[in-house]
Amino acid sequence: MFCKNCGKQIDENAVVCPHCGVAISSALADSGSFGWAVLGFFLPLVGLILYLVWRNTKPQSAKKAGIGALVGFVVNIVLSIVFSSAITAFMATQL
Ligand SMILES: [Zn+2]
């Protein structure tokens, strides 16, 4: 087969083009869409799994999913701290 990026002939099983370094098998599928970041944000566990599965074959999409998952995790932690603090403060006023 031929590299989609540089057009040189490469091995059928090549994952990365030895001539230009572009990922081969998923070059078209690796859109790096912002949608993966959104998915990772709302479903951090799914984003983390996608990141681990895609990091070698779809680096752009994996990066987006990973960042989304990371932000999702942080926001979840911050919200739960704020929420538990608010509950504690509310309980204190009731005593
Ligand atoms: Zn190439």
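Residues numbered from 1 in each chain as written. Predicted model: local features only at pLDDT ≥ 70, side-chain atom pairs only at ≥ 80, totals over all residues.

Caption draft 1: Representation of the nonpolar core within the structure. In this structure, Trp36, Ala37, Phe41, Leu50, Tyr51, Trp54, Ala62, Ala65 and Ala69 together form the largest nonpolar core, which totals nine residues. Those elements that provide at least two residues to this core are helix 1 (34–42), helix 2 (44–54) and helix 3 (59–94). Leave out the neighbours within four places in its chain, and Phe41 touches Gly68, Val71 and Gly72. (Core = buried A, V, L, I, M, F, W, Y, C linked by C-beta atoms within 7 Å. Buried ≥ 20, exposed ≤ 12 C-beta atoms within 10 Å, placed from the backbone. Helix = DSSP H or I, 4+ residues; strand = E, 2+ residues; numbered from the N terminus. Contact = placed C-beta atoms within 7 Å.)

Caption draft 2: Region of the structure containing helix 3. For helix 3, spanning 36 residues, the distance from its first C-alpha to its last is 52 Å, which sits close to the expected 52 Å at 1.5 Å a residue. Considered for burial, the residues of helix 3 that qualify are Ser61, Ala62, Lys64, Ala65, Gly66, Gly68, Ala69 and Gly72. On its buried side, helix 3 packs onto helix 1 and helix 2. (Expected span 1.5 Å × (residues − 1).)

Caption draft 3: Representation of helix 2 in the model. Residues Pro44, Gly47, Leu50, Tyr51 and Trp54 constitute the buried set of helix 2. On an axial view of helix 2, the arc spanned by its buried residues comes to 120 degrees, and they lie on one face. In this structure, helix 2 carries Leu45 and Leu52 as exposed residues pointing more than 90 degrees from its buried face. As for helix 2, its buried residues are in contact with helix 1 and helix 3. (Arc of directions from axis to C-beta.)

Caption draft 4: View of the packing of helix 2 against helix 3. Closest axis-to-axis distance for the helix 2/helix 3 pair is 8 Å, and the angle between their directions is 150 degrees. Looking at the two axes, helix 2 sits roughly antiparallel to helix 3. Once helix 2 is placed against helix 3, the crossing between them reads as left-handed. Between helix 2 and helix 3, the residues in contact are Pro44, Gly47, Leu48, Leu50, Tyr51 and Trp54 and Ser61, Ala62, Ala65, Gly66, Gly68, Ala69, Gly72, Phe73 and Asn76, respectively. Taken together, the residues of the contact of helix 2 with helix 3 sort by class into nine nonpolar, six polar and no charged. (Axes fitted to C-alpha atoms, helices over the stretch in contact; angles between N-to-C directions. Parallel < 35°, antiparallel > 145°, perpendicular 65-115°, else oblique. Left-handed = near helix turned anticlockwise from the far one by under 90°. Nonpolar A, V, L, I, M, F, W, Y, C, P; charged D, E, K, R; others polar.)

Caption draft 5: Representation of the environment of Trp36 in the model. Of note, Trp36 is situated in helix 1. On the neighbour-count criterion, Trp36 (26 C-beta atoms within 10 Å) is buried. Taking the C-alpha atoms as reference, Trp36 lies 8.9 Å from Leu50; in sequence the two are 14 residues apart. Other than its neighbours up to four places away in sequence, Trp36 contacts Leu50, Ser61, Lys64, Ala65 and Gly68.

Caption draft 6: Inspection of the packing of helix 1 against helix 2 at higher detail. The contact between helix 1 and helix 2 brings their axes to 5 Å, and the two run at 130 degrees. With respect to helix 2, the axis of helix 1 lies oblique. For the pair helix 1 and helix 2, contact is made by Trp36, Leu39 and Gly40 and by Pro44, Val46, Gly47 and Leu50, respectively. For the contact of helix 1 with helix 2, the residue count by class is five nonpolar, two polar and no charged.

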